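The lines below spell out each chain.
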Amino acid sequence: MAALLDRDIELAELSRRLAGVRAGSGRVIVVEGPAGIGKSTLLTAVGAAARADGVTTLRARCSPLEQHAAWGMARQLFEPLRSQSGWGELTTGAARLAEGVLAAEAEQPVLAGDAMHAAVRGLVWLASNLGERGAAILVIDDVHWADAPSLHWLALLARSLGELRIGVVCAVRSGEPPAVPDLLADLLASAPEPPVRPRPLGPAATQALVRARLPAATPGFAQACHGVTGGNPFLLGALLTQLAADGAAPDDDAATRLPAFGSEQVGRVVDRQLARLPAGAAQLASAIAVLGPGAALRHAARLAGLEPAAAARVADALRAARLVEDGPGLTLAHPLIAGTLYASLPPGERGLRHAAAAALLAGERADPERVALHLLRTEPAGEAATVATLREAARQASARGAPQSAAAYLRRAAAEPPPDPAQDADVRLELGLALAAYMQPEAYGLLQEAVAAATTPIQRGAIALSGARALGLSGRFDPAAGLCRQALRHAGAYPAGLRERLEAELICNGMVQVATIDEVRRLVQARRPEPATLELRPITAAVTLMLGNHPAAATLASLRPALEHGAVAAEPGSLVWTVSAIGLIANDELETALVQCEALMDIARPRGWLMALAHASMFRAMALVRAGEIRDAEADARLAFDYKLPVAPAPAMLWCLAFLVDALVEAGDLAGADTALTAAGQQADPPDGLLPAPLLLAGRARLRLAQHRPADALADAQLAAIRADELGLCHAVFGSWRAEAVEALLILGEARRARRLAREQAELSEQLGTPGARGAALRLLARTSAEPVPVLEQAVELLACSPARLEHTRALVALGAALRRANRRSDARIPLRQALEQADRGGMQLLAGRAREELHALGARPRRSALSGPGALTPAEHRVARLAADGYGNRAIAERLYVTQRTVETHLTHAFQKLAITSRAELAAALQPRAAASGPVSA
């Protein structure tokens, strides 16, 4: 085939790489080169060869018009499959979420941005299911023009391609500014091998092509054609078209007069071709350039001002002249031709043509997003219909999980002179929310503008509340509080509950940082004893909890009505949910907290709402650490940390880091805790003035103690004290740093200071009143007492009826050690063996190691750290094995845990080896059952 002259090397290389895909090792394959070098021809040949071999081949061609289309590239790839048999099988499990991208709208998520995560997850699993059915390739031409949502999905899919029989073959034009540089760079960087770069045609291939078009061409003429086009196939074809039309003699004399021929000459060639075609050819070609690939003939005809019959004849002439492709719809034969024709239109004329195209599509009630793509390229004219269409397109894009596309539509809507000021405020709100959904910093400024532009108190309050919730739950606490403050400054007749909700969000966001803590105190103190709405009761209770150390019974009594009446559950998109969870956990109402977290997780997991899942997992990890369920706590904290680390600001990221460090330290993974601190940039001191900072510092002090670095531990504990004091945080559990300080001081020989701090902790714990806090304080007092055994026996007795199983295990180890030192060796073995059993069962490896050391000192021979059996399982293996024992299949486990199927298979293989079993049926018996008091199974 002439079009594939001089392409044997490239085709062989592509075939080699695709053979790996068919063998089960998926990959990204990049074809890169300048415009016209033949990338599309190579992709067409690769696709045809793959189809001939029985490989499922999906194809998409990106274009400048569709850079802002919601999932434009993904929809091109998968839409053809929807009408084929087997589509239902492809969209099973998590892949069903892809239906929201391709057809129906998805359910509105709890947190801004979760629609995007759901869509990406659905598409990843759709591709995975496709690969399960057989080898498949996704062929994507001109990927540099791809829309942001599709690139986001493709970059994520690329990370797991090695486990799938999926090849992603994409062509990218070198030197062309990409639509989304960062995402395209991520995708291209995932290719395991360098790009395939089509070479310029050699002299022999050029001569063959020249003689195919101009049989009388001399070798010198062919060589000159090669020289002026650089062997670029498209430019060579354009030059030959011009020369044939001019009737030039293809001899050596003409060769000396050939001018340099680059892409800038393409326009002149196209113009001359069009001039020789029937009347209306130039107008129809320009209309196709405006409408984009696959334009309908009726649309192109109307835009060109041609009658349907005349347009059909002209379209045939354009095909015959190789200016328009054969196939359905009208597509110009090469992006260079489309770009040339489009650029030849003056800017004002282009805008008018796009406005006309939008009107045509709107008149046929086309998808608002198709209309919006043209409206993006028009000049603002104060048209209410334009704003309405763009807002509807943005609404659809947001529902489909494409906030980047929604933001593009809403930016254009905001530029349209608004006939209605209230509408302007709503447009700015919607734009701010779209930007917040993918963590754009300018979201706050737009939301401020929206609040300021509101025309009624109700609109102002509603805008501020929506914006504050979107910002607060993504960790942008100060901007969230600022929106509430901005709305509350304006006196107005807010409807019942709206003012209270605004104040609640202001309190929730303000309480987490020193800069606004005094404002929060004033607001809390100014409120009525009985808030007007149930939503405020947990807020008031939580603020009291954080800023003081009120009895747990009083705090829980305030929380309970809101929980029992569903007021907290009804506000999962508010920080009301967050502070109520903290209040429950800090006051040892662990079971209720776990139920609350798991309820949100049960909503989020099947819907693919990763932000909500990570948020609930983070606080469930906090509860599980306190409950001594370290394996499950580590898995939850890891999910939250891995999600938040790359996207969340410091105030949000510090929360999940603190809980992950706690879990890793108790799991005995001290190196892992250090790695997490380094990854988050928190080996140095955390930022000033943030509520999670004292928690993180206390956790880091526990890590330093475990690493036998008491001086560093004391420094961290002292800094935690300073940070807690700035916030007025003195809660016996949530604001505790004294335990770490006492241990460090005792090691450093400062017993007097240690005793003073232990007594302070005991006073706070008595005031709080929970068995967990009181038992932990007694353990500290015992550490500074000359007669520790009676005090520790009291601590163990108190903690035995507490859900704070971690503290109970600590007290058991301490009691056993004290009894051994008192030479009550026989008595010492009882608490130490109980501690070892509890620690092994819950994955408290740090405490398990200490219990074993004490038992060894007694001459006992406790079992070693498990090299086999349930205790040997890593947290990830434990969670996968538990789900498998509960009857989940590998795919269901992978979907549930946001990992690949191969990862599940690997974990199960290791679990089977450690448990010495050979089938899933043996898992339930092989896994040590959870003790009744240790909390629910989590997965």
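So, here is what we can say about the structure in this document. All figures in this text were calculated on a predicted structure; none of them were measured in a lab.

## Looking at the overall build of the protein chain
Here's step 1: For the protein chain, the helix and strand inventory stands at 48 helices and four strands.
Here's step 2: Counting only C-alpha atoms, the protein chain reaches 110 × 70 × 50 Å along its principal axes.
Here's step 3: When burial is assessed residue by residue, the protein chain has 59% of its 939 residues classed as buried.
Here's step 4: Restricting to contacts in the protein chain with at least 6 residues of sequence separation, those with at least 24 account for 71%.
Here's step 5: By element, 54% of the accessible surface of the protein chain is carried by carbon and sulfur atoms, the whole surface being about 35800 Å².

## Things to note about helix α15 (residues 297–304)
Here's step 1: By the burial criterion, the buried members of α15 are H299, A300, A301, L303 and A304.
Here's step 2: Here the buried face of α15 lies against α14 (281–291), α16 (308–320), α18 (347–363) and α19 (368–375).
Here's step 3: One or two steps after α15, the chain reaches G305, where phi turns positive at roughly 75 degrees.

## Quick word on helix α1 (residues 8–22)
Here's step 1: An ideal rise of 1.5 Å per residue puts 21 Å on 15 residues; α1 measures up with 21 Å between its terminal C-alpha atoms.
Here's step 2: Burial in α1 covers these residues: E10, L14, R17, L18, G20 and V21. In a view along the axis of α1, the buried residues occupy a sector of 145 degrees, so they form one face of it. Pointing more than 90 degrees away from the buried face of α1 are the exposed residues D8 and I9.

## Overview of the packing of aromatic side chains
Here's step 1: The final tally for this structure, using the stated rule, is six aromatic pairs.
Here's step 2: Pairing W577 with F619 gives two aromatic rings, centres 6.3 Å apart and planes at 70 degrees, and the pair type is edge-to-face. Taken together, the positions of W577 in helix α30 (residues 575–586) and F619 in helix α32 (residues 610–626) put the pair 42 residues apart, joining distant regions of the chain.
Here's step 3: W577 gets classed as buried once you look at its relative accessible area, which sits at 3%.
Here's step 4: Feature note: the residues W577, F619, W655, F659 and F734 constitute an aromatic cluster, connected by ring pairs.

## Examining the environment of P572
Here's step 1: Tracing the backbone through its elements, the reader meets P572 in the loop between α29 (552–564) and α30.
Here's step 2: Between the C-alpha atom of P572 and that of P831, which follows or precedes it by 259 residues, the distance is 42 Å.
Here's step 3: Every residue in contact with P572, bar those within four places of it in the chain, is listed here: V110, L111, L473, W577 and L600.

## Considering the sheet that holds strand β2 (residues 56–61)
Here's step 1: The strand order across the open sheet formed by four strands is β1-β4-β3-β2, and the pairing between neighbours is parallel. Among the strands making up the open sheet, the edge pair consists of β1 (27–33) and β2. Across this sheet, the average inter-strand angle for adjacent strands is 15 degrees, counted without regard to direction.
Here's step 2: Where strand β3 (residues 136–141) meets strand β4 (residues 166–173), five bridges bridge the pair, whose relative direction is parallel. Paired with L138 across the two strands is V168, which belongs to β4.
Here's step 3: The sheet contacts of helix α2 (residues 39–52) involve β1, β2, β3 and β4, and relative to β3 the element is tilted by about 160 degrees.

## Description of the pattern of salt bridges
Here's step 1: Applying the stated criterion across every chain yields a total of 55 salt bridges.
Here's step 2: Salt-bridge contacts for R485 lead to E519; the nearest nitrogen and oxygen are separated by 2.8 Å. Linking R485 in helix α25 (residues 477–488) with E519 in helix α27 (residues 517–526), this pair joins segments that are 34 residues apart in sequence.
Here's step 3: Under the relative-accessibility criterion, R485 is labelled partly exposed at 23%.

## Details of the nonpolar core
Here's step 1: Residues W71, M73, F78, L138, V143, W153 and W655 are the most contacted members of the largest nonpolar core, which totals 255 residues.
Here's step 2: With residues near it in sequence (within four places) discarded, W153 still touches W71, M73, A74, L77, F78, V120, L123, V124 and L138.
Here's step 3: Membership of the second largest hydrophobic core comes to 57 residues, among which are A205, A217, A300 and L303.

## Brief notes about the packing of helix α7 (residues 148–158) against helix α8 (residues 181–189)
Think of two packed helices as two axes; the pair is described by the angle between the axes and how far apart they sit.
Here's step 1: For the pair α7 and α8, interaxial distance at closest approach is 9 Å and the crossing angle is 25 degrees. Comparing their axes, α8 and α7 come out roughly parallel. Our pair here, α7 against α8, has a crossing hand that is left-handed. On the side of α7, the interface is formed by A148, L151, H152, L154, A155 and A158, while α8 contributes L183, L184, D186 and L187.
Here's step 2: Split by residue class, the contact of α7 with α8 holds eight nonpolar, one polar and one charged.

## Examining the pairing of β3
Here's step 1: In terms of burial, β3 is a largely internal element, six of the six residues being buried.
Here's step 2: Assessed by its sense of winding, the connection that carries the chain from β3 through α7 to β4 is right-handed.

## Some points on the packing of helix α20 (residues 384–399) against helix α21 (residues 403–415)
Here's step 1: Contact geometry of α20 with α21 gives a least axis separation of 8 Å together with a crossing angle of 165 degrees. The angle between the axes of α20 and α21 places the two elements in the roughly antiparallel class. As for the relative orientation of α20 and α21, their crossing is left-handed in sense. For the pair α20 and α21, contact is made by T386, V387, L390, R391, A393, A394, A397 and S398 and by P403, S405, A406, Y409, L410, R412 and A413, respectively.

## Observations regarding the state of the cysteines
Here's step 1: Scanning the entire structure with this criterion turns up zero disulfides.
Here's step 2: Between C656, a free cysteine, and C597, which holds the nearest cysteine sulfur, the sulfur-to-sulfur gap is 14 Å.
Here's step 3: On the basis of relative accessible area, C656 is assigned to the buried category, the value being 1%.
Here's step 4: With no disulfide of its own, C730 has C508 as its nearest cysteine by sulfur position, at a separation of 19 Å.

## Brief notes about the pairing of β1
Along any regular strand, the residues point their side chains to alternate faces of the sheet.
Here's step 1: For β1, a buried count of six out of seven residues is recorded, marking the element as mostly surrounded by other parts of the structure.
Here's step 2: Note: β1 against β4, seven bridges, orientation parallel. From the neighbouring strand, E32 faces β4, where its bridge partner is V172.

## Some points on the side chain of R353
Here's step 1: Locating R353 in the fold gives a position in helix α18.
Here's step 2: Those residues in contact with R353 that lie beyond four places of it in its chain are S286, A287, V290, L303 and L345.

## Comments concerning the environment of G227
Here's step 1: The topology assignment puts G227 in helix α10 (residues 219–229).
Here's step 2: Sequence separation of G227 and A616 is 389 residues, and the distance between their C-alpha atoms is 65 Å.

## Side note on the side chain of Q901
Here's step 1: For Q901, the position within the fold is in helix α47 (residues 901–915).
Here's step 2: According to the relative accessible area criterion, Q901 is buried, its value standing at 18%.

## Some details on unusual backbone geometry
Here's step 1: Of note, the phi angle at D588 is positive, near 60 degrees, even though the residue is not glycine.
Here's step 2: If you check the backbone angles, H708 has positive phi at about 60 degrees while not being a glycine.
Here's step 3: Within the element layout of this structure, H708 appears in the loop between α36 (692–706) and α37 (710–727).

## Focus on the environment of Q901
Here's step 1: Measuring from C-alpha to C-alpha, the distance between Q901 and P308 comes to 54 Å, with 593 residues separating the pair along the chain.
Here's step 2: Those residues in contact with Q901, other than ones at most four positions away along the chain, are W125, E132, E163, N890, R891 and A894.
Here's step 3: A polar contact of 3.3 Å, which involves the side chain of Q901, links it to the side chain of R891.

Procedures and definitions
Residues numbered from 1 in each chain as written. Predicted model: local features only at pLDDT ≥ 70, side-chain atom pairs only at ≥ 80, totals over all residues. Heavy atoms only, no water. Helix = DSSP H or I, 4+ residues; strand = E, 2+ residues; numbered from the N terminus. Buried < 20%, exposed > 50% of the residue type's maximum accessible area, 1.4 Å probe, protein only. Contact = heavy atoms within 4.5 Å. Areas by Shrake-Rupley, 256 points an atom, 1.4 Å probe, with all protein chains shown as cover. Expected span 1.5 Å × (residues − 1). Arc of directions from axis to C-beta. Phe/Tyr/Trp six-rings, centres within 6.5 Å; stacked < 30°, edge-to-face > 60°. Pairing = 2+ DSSP bridges. Axes fitted to C-alpha atoms, helices over the stretch in contact; angles between N-to-C directions. Salt bridge = Lys/Arg side-chain N within 4 Å of Asp/Glu carboxyl O. Core = buried A, V, L, I, M, F, W, Y, C linked by side-chain atoms within 4.5 Å. Parallel < 35°, antiparallel > 145°, perpendicular 65-115°, else oblique. Left-handed = near helix turned anticlockwise from the far one by under 90°. Nonpolar A, V, L, I, M, F, W, Y, C, P; charged D, E, K, R; others polar. Right-handed = clockwise from strand over helix to strand, strands pointing away. Disulfide = S-S within 2.5 Å. Polar contact = N/O pair within 3.5 Å; in protein donor to acceptor, adjacent residues only side chain to side chain.

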